[in-house]
Amino acid sequence: MPVRRIALLGATGSIGRQAIEVVERNPELELCALASGSSDLAALAAEHGVERVQVGGDLTELLDAAEPDVVLNAVVGFAGVGATLWALERGVTLALANKESLVAAGQLARQAKERGGGLLLPVDSEHSALFQCLEGREPSTVDSLVLTASGGPFRGRSRAELADVGVEDALAHPTWSMGPKITVDSATLANKGLELIEAHFLFDVPYERIEVVIHPTSVVHSLVRFRDGAALAHLGYPDMTVPISYALTYPARAATDVPGLDLAAGLTLEFSAPDLETFPLLALARRAGEAGGTYPAVFNAANEVAVAAFLEGRLPFLGIAELVEDALDAADGAPAGNLAELVEADAEARRLAGRGVPVA
Ligand SMILES: NC(=O)c1ccc[n+]([C@@H]2O[C@H](COP(=O)([O-])OP(=O)(O)OC[C@H]3O[C@@H](n4cnc5c(N)ncnc54)[C@H](OP(=O)(O)O)[C@@H]3O)[C@@H](O)[C@H]2O)c1
C-alpha cells in the first residue's frame, strides 16, 4: 500500500492520541497535518515531523495547504463541520469520529459526498461495526440496524436519583475512556441519540428501522438484521484502536495489539430496552431526526451548550434534556441550503439554549 498522508484534526484529544498510536504502528501511514482547538502542537509536530499545524480557526485552510489523502476528523462538536464538508466535497477519504458534524449537516454532507464520490469511513465504534456488517450487502436485504449502548454510569437509576448527580459521577463511564463531552453524552444517552441520527445519514436507513438497545458490557458493538431472520453482529473488547485502525488502513484491516475475545473465559451478553423516561434525550434525538430540516442541528447545538454548562457546574444533570427540549420547541427547523445557513441555524439554537442556562 502506498503511504497514506493523514490530516489529524483533534490531535490532542482522546481519539487523536489513539490515532497517533495507530499511525506509529503502521509504516504505510504518515501524519501530514495536525489541528487542535487551543492546545499547543509544537512538540507533537516536531516528534512526528509534521510541518503543517493549526490551533483553532478555519480548519479548511490547513486542509487546502496539506492536501491529505485521508482526513481523520476527531474534533469535538460542531467545530468539525467545515472539515467534514471539505473532505466529502473533494472526494478525499473521510475517517469520521466527529459525529456532531454529520448530525448537524446530514443533508449537506450527503449531497457533498455524492458530488465528491469519496469514501466516508465511520470511526464511531457502533457505526464502524454497522459498516462492516453491511459491506457488500444488497440494501433491500437489510431489515433494520441495531445500535448498542452501554447505558452509561447511571443505567438502572430513576429520574429522582439523577437530580443531584455531579460532574464526576457523569464522567465515570463504565466501559469506555473518552473525552469529557462524549462521556457526559453517554451518561444522558444523548450520545446514542446523536448516533441514531449519524446512522440514518451514513447508511440511508429510515429512523423507524434503527433500534437502540442497552448492552452494558459493550462487547457487541452493533448488529444488522436481515430480511431472512438472520442478524450479523460485530464483537470485540471496547477499544477505539480497532475502529480507528480499520478506518485508517481500510480496506487492509491492519493488525493491532488489541486481544481477540476470550470466549472460554465467559462473556456476558445481555440486552434490554432503553429507559426513555429517565433518559429523554434519546427520544428527543429521534424526534429531531424524524422532523428533519435543521432540527438535528438544533438538537446538537443545544446539547453542546447544555453539556458545557453542566461541566461548568451551571446546570444540573436533568437540566440538559430540559434545555434541549425547550430549544427544539422554540426552533423553526427550516432546512439549511448551504453551510452559511447551517451555521446560522446552529448559532440561533445556541442563543435559544443559552437563555436557559442560569448565569454563574
Ligand atoms: N473518545 C472516544 O472514544 C470517542 C468514540 C467515538 C466517537 N468519538 C467522537 O470523536 C470526537 C472527539 O472525541 P474525543 O473524546 O477525542 O474528544 P476530546 O478528548 O475532548 O478531544 C477533542 C479534540 O478536538 C480538539 N478541538 C476542539 N475544538 C476544536 C476546534 N475548534 N478546532 C480544532 N480542534 C478542536 C481538541 O483540541 P484541544 O486539546 O485544544 O482542546 C481535542 O484535540 C467527538 O465528536 C466524539 O463524539 C469519540
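Residues numbered from 1 in each chain as written. Predicted model: local features only at pLDDT ≥ 70, side-chain atom pairs only at ≥ 80, totals over all residues. Heavy atoms only, no water.

Comments concerning the sheet that holds strand β7 (residues 142–149)
(1) Moving on: With mixed pairing, 4 strands are arranged side by side in an open sheet as β8-β7-β9-β10. Every interior strand has two partners, whereas the edge strands, β8 (210–214) and β10 (231–235), have only one. Strand after strand, the sheet turns through a mean of 20° between neighbouring axes, direction not considered.
(2) Moving on: Direction of pairing for β7 relative to β8: parallel, over a ladder of 5 bridges. By the bridge assignment, Ala149 is partnered in β8 with Ile214.
(3) Moving on: Most of the contacts of helix α11 (residues 190–203) go to β7, to which it runs at about 150°, and overall it touches β7 and β8. (Pairing = 2+ DSSP bridges. Helix = DSSP H or I, 4+ residues; strand = E, 2+ residues; numbered from the N terminus. Axes fitted to C-alpha atoms, helices over the stretch in contact; angles between N-to-C directions. Contact = heavy atoms within 4.5 Å.)

Some words on the packing of helix α7 (residues 125–134) against α11
(1) Moving on: Where α7 contacts α11, the two axes come as close as 10 Å, and the packing angle between them is 30°. Considering the angle they form, α7 stands roughly parallel to α11. Crossing angle aside, the handedness with which α7 passes α11 is right-handed. Contact with α7, carried on its side by Glu126, His127, Leu130, Phe131 and Leu134, involves Lys192, Glu195, Glu198, Ala199, Leu202 and Phe203 of α11 and no other residues of that element.
(2) Moving on: When the residues that make up the contact of α7 with α11 are grouped by side-chain class, the tally is 6 nonpolar, 1 polar and 4 charged. (Parallel < 35°, antiparallel > 145°, perpendicular 65-115°, else oblique. Left-handed = near helix turned anticlockwise from the far one by under 90°. Nonpolar A, V, L, I, M, F, W, Y, C, P; charged D, E, K, R; others polar.)

Regarding a negative patch on the surface
(1) Moving on: Together, Asp58, Glu61, Asp64 and Glu67 give the surface a local cluster of negative charge.
(2) Moving on: Mapped onto the elements of the fold, Asp58 is located in the loop between β3 (52–55) and α3 (59–66). (Patch = residues over 30% accessible without salt bridge, like charges linked within 9 Å, V, L, I, M, F, W, Y side chains within 5 Å. Areas by Shrake-Rupley, 256 points an atom, 1.4 Å probe, with all protein chains shown as cover. Salt bridge = Lys/Arg side-chain N within 4 Å of Asp/Glu carboxyl O. Lys, Arg positive; Asp, Glu negative; His and termini not counted. Charge placed at Lys NZ, Arg CZ, Asp CG, Glu CD.)

What about helix α1 (residues 14–25)?
Spacing of three or four residues puts side chains on the same side of an α-helix, whose turn is 3.6 residues.
(1) Moving on: Taking 1.5 Å as the rise per residue, α1 with 12 residues should run 16 Å; its terminal C-alpha atoms sit 17 Å apart, in good agreement.
(2) Moving on: Buried residues of α1: Ser14, Ile15, Gly16, Gln18, Ala19, Ile20, Val22 and Val23, and no others. (Expected span 1.5 Å × (residues − 1). Buried < 20%, exposed > 50% of the residue type's maximum accessible area, 1.4 Å probe, protein only.)

Brief notes about the packing of aromatic side chains
(1) Moving on: Summed over the entire model, instances satisfying the criterion amount to 5 aromatic pairs.
(2) Moving on: Centre to centre, the rings of Phe131 and Tyr246 are 6.4 Å apart; their planes meet at 70°, and the pair counts as edge-to-face. Linking Phe131 in helix α7 with Tyr246 in helix α12 (residues 241–249), this pair joins segments that are 115 residues apart in sequence.
(3) Moving on: Looking at Phe131, the relative accessible area reads 15%, which means it is buried.
(4) Moving on: Taking 5.7 Å as the distance between ring centres and 75° as the angle between the ring planes, the aromatic pair formed by Phe131 and Tyr250 counts as edge-to-face. In this pair, Phe131 sits in helix α7 while Tyr250 sits in the loop between α12 and α13 (280–291), placing the two residues 119 residues apart along the sequence. (Phe/Tyr/Trp six-rings, centres within 6.5 Å; stacked < 30°, edge-to-face > 60°.)

What to know about the sheet that holds strand β6 (residues 120–122)
(1) Moving on: With respect to topology, 6 strands assemble into an open sheet ordered β3-β2-β1-β4-β5-β6, the strand pairing being parallel. The sheet is open, and its two borders are formed by β3 and β6, each paired with just one other strand. Mean inter-strand twist for the sheet, computed between neighbouring axes without regard to direction, equals 20°.
(2) Moving on: Alignment of strand β5 (residues 93–96) against β6, held across 3 bridges, turns out to be parallel. For Ala95, the partnering residue across the bridge sits in β6 and is Leu121.

Considerations on the nonpolar core
(1) Moving on: With 121 residues, the main nonpolar core has Leu248, Phe299 and Phe317 as its most contacted residues.
(2) Moving on: Ranked by residues supplied to this core, first place goes to helix α14 (residues 295–311) with 11 residues. (Core = buried A, V, L, I, M, F, W, Y, C linked by side-chain atoms within 4.5 Å.)

Quick notes on the site of the ligand
(1) Moving on: Residues in close proximity to the ligand total 25 residues, the closest being Thr12, Ser38, Ser39, Glu100 and Gly179.
(2) Moving on: Take Thr12: an N or O atom from its side chain is 2.6 Å from an oxygen atom of the ligand.
(3) Moving on: Within the side chain of Ser39, a nitrogen or oxygen atom sits 2.6 Å from an oxygen atom of the ligand.
(4) Moving on: Starting from 900 Å² of accessible surface for the ligand in isolation, the protein chains cover 85%.
(5) Moving on: Those elements that provide at least two residues to the shell around the ligand are α1, α5 (99–104) and α10 (180–188). (Near = heavy atom within 4 Å. Polar contact = N/O pair within 3.5 Å; in protein donor to acceptor, adjacent residues only side chain to side chain.)

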